[in-house]
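Observations on chain architecture
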Amino acid sequence: MRTTRRGLIKSMLVTGTGLSLGVHLTGCGGSSDQYSHGKKGDFLPNAFLSISPSGEVGLQIHRAEMGQGITTGFAQIVGEELDFDPRQIKIEFAGIHPEFQDPDVGLQFTGGSNSVAGNYLLLREAGATARHLLLQAAAKALSADISALSTRDGKVYHETQSLAYGRLVALAAKLPLPDRVPLKPSSTFKYIGQSIGRVDAQQKVDGSAQFGIDVVQQNMLTAVLLRSPSIGGLLIDYDAAEALRVNGVKHVVRVGEAVAVVATGYWPARKAAGLVSANWDESAGKGVSTDVIFVEQQRLLTADEAEVVREEGEPFIGSNTITLTASYRAPHLAHATMEPMNAVADYRDGQVRVWAGNQGPDIARDMVARALELDREQVEIFTCLLGGGFGRRVVPDYMVEAALVSKAVQNPVKLIWSREDDMANDYYRPSHSSRLTAKVSDSGKLSWTHRLVGPSLYRQQLPTSMQAVLPSWAPEAASNSVGAMMASKDPTSIEGAASLPYQFEHIDVSYVEHTPDVPIGFWRSVGHSQNAFVVESFIDEVANKLKQDPLSFRLAHLEAQSKHAKLLQRVQQMSNWGRQPDDVFQGVAVHESFGTVVAEVVNISMAGEKVSVEEVFCIVDCGRAINPDLVVTQMQSAIIFALTAAFYGEITIKDGTIQQSNFHDYPMLRMNEVPTITVEIMPSSAAPTGVGEPGVPPLAPALANALYAATGERHRTLPIRL
Amino acid sequence: MIDLTVNGSAVSLDVGVDTPVLWVLRDHLGLMGTKFGCGAGLCGACTIHLDGVATRSCILPIAAVAGRQLTTIEGLSESADHPLQRAWVEHNVPQCGYCQSGQLMSAAALLSENKQPSETEIDQAMSGNICRCGTYPRIKRAIQQVAVGHYDPQDGGQS
């Protein structure tokens, strides 16, 4: 269902009954049923807001808070139009509701750096509608003209009188919804654009913030799963005799292709799981190996058959044409969220409730329902704070597992994955290969040819998402065919490559899908995460081949008024580009993703052979910054995330078995390795665009370009091994 | 039965002697602020104070702490207002927040033995704590701010 903003506000009834307030940030969001079963007397102007007679304002957060700061941003946006201090708004994580779906995707999904970008006007209208009704109510109560009223900090003012919002809710709830609500002019913004502190900070420093792993239900047991050591392995049989003797162990049961060990706590469950001896049929994983995948990708880089995804201009033949060809590759990557996957499930009497941090509650509801052969209405999903998402928690496999275990043992259970489970059972950032050719004629004409080979995320991920969008009676084949249809030109594979911003005389971008049996998923910035590395490194190669300054070369081929050009000019100033001491070397990259353009310069120093990343300069154009300091935090975060991947990130597979298991062999950047990071935000009054992901893509190429400047060695394979 | 002190209160526990302190805190005492991250002492999410020293609770058997004093994030300050906690809020440190209990416990242990650590000393003390959101620059700034002030862990959190 596609809902217009008007339609959304219209379709929300002012019911005169409300949801119970007082659930704070640390709680988990419940179902949409609360809208019709709340406290009598609350004012519900729309799906997002509630105002109680005592003046408490509650906001339903309908996207996942995984650190990116949307609870704060959303509260600021709503608070702005409602004229209510966002720091006083009671935050509640929303249940599933049609009005909370992303209109483009049809799902209540958090991803694509879209939470603020996609909800900015919607949330402003939600706040403005509520304020307008309160003003109308006040006009009636005070027998005053509405134009003589003003609002501030939760009160309506008229001459010397004031009325708190809470005192107006009974009256406001009886008023018809307005057809049209004016939004504030941005010149009067009081909260939007301010760096107010995160509304969830206090709870995250005193240990009270509740993540999925912290949820406790009455009589709950803890489960761990013993899975096949390799991808797609099947459970043949198992012996649990020894495991069952561990004090505290209650059940050892087969759940699908895994053995669930259920005990009174995590430790007895984990200990007992180590005592289960299981036999696996691992034939599915045979031959699924990183080496094999890259050999095949390599072959397809020059295969005749490919989908043309962009073709502009004509190839040309000139005398003295300079030709440059290079191949690049990027590995599988794990998300490695700090909170390992977990979920609490309580199955009883054909109903199941599941609590977990997740990025798509309606996908989770659909998958749990299918796995347990229930109707969607019998599944309730409670979204908690996420101890990191980065795209991993779009796939609700861990929630399905918890629900299955709860049903199997007929008891509420908390399923906790170990770090090793998490590393070996991820939906990885796909591995990718690219081959590029640049030809430069003696008259300076440039031809750019880029062939990409990689798997289709859509082929793997779209069917399950589609199932959640389609009615529950739709056959699985319908959604599978949609996934297959989308696979040949999968935008997640080519994004950031097809959208090459440079103006060349000839551009030819093509894609070959090669989808091995490796689970893949969305990883912070998705296709941009590898394609920006490829494109922005190869641009550097061309500039260097032509003996031109890489930053000037980019500017020469960009539209002068483009965001890319302006950001490059600014980062040139910020970083004192080209004017560094002898032992400092610089690399630059600029990239657009999710509507946001980011330019970064990396400064490295060389002490003999030893390379040290000293400083990263970053400038971002994300339209209007709702909370500038939170934008800065996202850029810092993305840069460190990307630097981790650039230096360390690599998942390798051998015959279906993931070779990495924990932070010793899948390392993370630590405090002592972090460079100075300077971030600027380009002033803008344009509509806001996303900030969670776009800081990631430019980092790896800027780093590789700096290394080239320092050593003359071109790093075309990630991670960069020094 | 194993006797110990947790956040100033005497506790008697009937648990398996090899149970890691982390799971005693979470599953038996309901203290959920201490987090599970790796189970191998590699990430620091489970950091607590054992007799005032920063310790990874996920690999520390309960039997090893009999008779000793444990402090968790819940016991770091009376009213969640330890100078570091306040500095964390002021600098907008937490993102997802999952690792921050461990980060704070490591930082508090550092400052209790070294009131004015150098940047290198901060790096050394904090490099056992992973933050996947990359809040390191702000963690460092928050620690430095508290260190520059008149930090005294004995005075109940007044700076």
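Reading guide: rules and limits
Residues numbered from 1 in each chain as written. Chains lettered and ligands numbered in written order. Predicted model: local features only at pLDDT ≥ 70, side-chain atom pairs only at ≥ 80, totals over all residues. Heavy atoms only, no water. Helix = DSSP H or I, 4+ residues; strand = E, 2+ residues; numbered from the N terminus. Rg over C-alpha atoms; globule rule 2.2 N^0.38 Å. Buried < 20%, exposed > 50% of the residue type's maximum accessible area, 1.4 Å probe, protein only. Areas by Shrake-Rupley, 256 points an atom, 1.4 Å probe, with all protein chains shown as cover. Core = buried A, V, L, I, M, F, W, Y, C linked by side-chain atoms within 4.5 Å. Domains from an automatic or database assignment. Contact = heavy atoms within 4.5 Å. Buried area = accessible area lost by both parts, 1.4 Å probe. Salt bridge = Lys/Arg side-chain N within 4 Å of Asp/Glu carboxyl O. Polar contact = N/O pair within 3.5 Å; in protein donor to acceptor, adjacent residues only side chain to side chain. Nonpolar A, V, L, I, M, F, W, Y, C, P; charged D, E, K, R; others polar. Pairing = 2+ DSSP bridges. Axes fitted to C-alpha atoms, helices over the stretch in contact; angles between N-to-C directions. Phe/Tyr/Trp six-rings, centres within 6.5 Å; stacked < 30°, edge-to-face > 60°. Left-handed = near helix turned anticlockwise from the far one by under 90°. pLDDT = per-residue confidence, 0-100. Expected span 1.5 Å × (residues − 1).

1. Concerning the overall build of chain A
Helix and strand counts for chain A stand at 20 helices and 26 strands. Taken over C-alpha atoms, the radius of gyration comes to 27 Å for chain A, in line with the 27 Å a tight globule of 722 residues would show. When its C-alpha atoms are laid out on the principal axes, chain A stretches across 85 × 75 × 50 Å. Residues classed as buried in chain A amount to 62% of the 722 residues present. A total of about 26300 Å² of accessible surface is found on chain A, and carbon and sulfur atoms cover 49% of it.

2. Examining the nonpolar core
Among the nonpolar cores identified, the biggest contains 205 residues, and L59 and L703 of chain A together with W88 and I143 of chain B are the most heavily contacted of them. In terms of residue count, helix α4 (residues 115–142) of chain A provides more of this core than any other element does, 13 residues in total.

3. Some details on the domain arrangement of chain B
All names here are of chain B. Segmentation of chain B into domains returns domain 1 (2–74) and domain 2 (83–147). Contact with domain 1, which involves 16 residues of that partner, is made by 13 residues of domain 2. Summing both partners gives a buried area of about 1200 Å² for domain 1 against domain 2, and 57% of it is carried by carbon and sulfur. Taken together, domain 1 and domain 2 are joined by 0 salt bridges. Taken together, domain 1 and domain 2 are joined by 6 residue pairs in polar contact (both at pLDDT 80 or more). Per-element tally for the side of domain 1 that touches domain 2: the top contributor is strand β3 (residues 47–50), with 3 residues. Residue composition of the side of domain 1 that touches domain 2, grouped by class: 7 nonpolar, 7 polar and 2 charged.

4. Points about the sheet that holds strand β18 (residues 432–440) of chain A
All names here are of chain A. Pairing is mixed in the open sheet, where 5 strands are placed in the order β12-β20-β19-β18-β13. Each having just a single partner strand, β12 (307–312) and β13 (322–330) make up the two edges of the open sheet. Along the sheet, successive strands turn relative to each other by an average axial angle of 10°, direction set aside. Summarising the sheet, strand β19 (residues 446–454) and strand β20 (residues 506–513) pair through 8 bridges and their orientation is parallel. Its bridge partner lying in β20, G454 is registered against E513.

5. Some words on the packing of aromatic side chains
Residues and elements named next belong to chain A. Counted according to the given criterion, the structure contains 13 aromatic pairs over all chains. Aromatic side chains W448 and F538 sit 5.4 Å apart centroid to centroid with 65° between the ring planes, which places their arrangement in the edge-to-face category. Within this pair, whereas W448 is found in strand β19, its partner F538 is found in helix α16 (residues 528–545), the two being separated by 90 residues in sequence. No difference in accessibility class separates W448 from F538, as the two residues are buried. Taking the centre distance of 6.0 Å and the plane angle of 20° together, the rings of Y502 and F504 count as stacked.

6. Examining the packing of helix α13 (residues 457–469) of chain A against helix α14 (residues 476–487) of chain A
Residues and elements named next belong to chain A. Closest axis-to-axis distance for the α13/α14 pair is 8 Å, and the angle between their directions is 145°. Where α13 crosses over α14, the handedness of that crossing is right-handed. Between α13 and α14, the contacting residues are Y458, R459, L462, P463, M466 and Q467 on the first element and E476, S479, N480, V482, G483, A484, M486 and A487 on the second.

7. As for the confidence of the model for chain B
The share of residues in chain B with pLDDT of 70 or more is 94%, and the mean pLDDT across the chain is 94. For this predicted complex, the interface score ipTM comes out at 0.95, alongside a pTM of 0.94.

8. Quick look at helix α10 (residues 361–372) of chain A
Note: α-helices contain 3.6 residues per turn, so residues at a spacing of three or four share the same orientation. Residue and element names in this part refer to chain A. For α10, spanning 12 residues, the distance from its first C-alpha to its last is 16 Å, which sits close to the expected 16 Å at 1.5 Å a residue. Every buried residue belonging to α10 is among P361, D362, I363, A364, D366, V368, A369 and L372, and all of these are buried. On its buried face, α10 is in contact with β14 (342–348), β15 (351–356), β16 (379–383), α11 (397–409) and α13. Immediately downstream of α10, the backbone of E373 shows phi near 55°, a positive value.

9. A short note on the domain arrangement of chain A
Residue and element names in this part refer to chain A. Each domain of chain A was delimited in the assignment, giving domain 1 (30–201), domain 2 (212–281 + 341–416) and domain 3 (291–331 + 430–456 + 492–711). Using C-alpha coordinates to define each centre, domain 1 is positioned 40 Å away from domain 3. Across the boundary between the two partners, domain 1 contributes 22 residues, which contact 16 residues of domain 3. Of the roughly 1300 Å² buried between domain 1 and domain 3 on both sides combined, carbon and sulfur atoms contribute 60%. Among the residues domain 1 hides against domain 3, the three largest losses belong to S113, Y120 and S195. Together they make up 33% of the total. Between domain 1 and domain 3 we count 0 salt bridges in total. Connecting domain 1 to domain 3 are 8 residue pairs in polar contact (both at pLDDT 80 or more). Mapped onto the side of domain 1 that touches domain 3, the elements with two or more residues apiece are α3 (70–82) and α4. Examining the composition of the side of domain 1 that touches domain 3, we find that 4 residues originate from one element, α3, more than from any other. Looking at the side of domain 1 that touches domain 3 residue by residue, the classes come out as 8 nonpolar, 13 polar and 1 charged.

10. Details of the interface of chain A and chain B
Reports of interface size often rely on the accessible area that becomes lost once the parts have come together. The partner chain B presents 46 residues to the 57 residues of chain A that form the contact. When the buried surface of chain A facing chain B is broken down by residue, V205, M338 and M671 of chain A rank first, second and third, together holding 21% of it. Across the pair D214 of chain A and K35 of chain B runs a salt bridge whose closest N-O atoms are separated by 2.6 Å. Of all the elements in the fold, those that place two or more residues in the side of chain A that touches chain B are α6 (201–205), α8 (266–273), β17 (413–416), α12 (419–424) and α19 (628–648) of chain A. Take the side of chain A that touches chain B: its biggest share by element is 10 residues, from α19 of chain A. Considering only residue class, the side of chain A that touches chain B consists of 29 nonpolar, 17 polar and 11 charged.

11. Let's talk about the pattern of salt bridges
Here the idea is simple: oppositely charged side chains can pair when their charged atoms come close. Residues and elements named next belong to chain A. Tallying each qualifying case throughout the model produces 38 salt bridges over all chains. Linking R392 and D426 is a salt bridge whose minimum nitrogen-to-oxygen distance equals 3.1 Å. Within this pair, whereas R392 is found in the loop between β16 and α11, its partner D426 is found in the loop between α12 and β18, the two being separated by 34 residues in sequence. Both residues of the pair, R392 and D426, belong to the buried class. Notably, a salt bridge pairs R459 with E513, separated by 2.7 Å at the nearest N-O pair. Of this pair, R459 sits in helix α13 while E513 sits in strand β20, and the two are 54 residues apart along the sequence. Take R459: its relative accessible area is 37%, and that puts it in the partly exposed class. Residue classification places E513 among the partly exposed positions, given a relative accessible area of 24%.

12. Here we look at the sheet that holds β14 of chain A
Residues and elements named next belong to chain A. The 7 strands lie next to each other as β9-β10-β7-β17-β14-β15-β16, forming an open sheet whose pairing is mixed. Where the open sheet ends on each side, the last strands, each with one partner, are β9 (249–255) and β16. Here the strands of the sheet are splayed against their neighbours by 25° on average, with no regard to which way each runs. With 5 bridges joining them, strand β7 (residues 221–226) and strand β10 (residues 258–263) adopt antiparallel strand pairing. Each residue of the ladder has a partner; that of V224, found in β10, is V261. Its contacts with the sheet put α8 on β7, β9, β10 and β17, and the angle it makes with β7 is roughly 25°.

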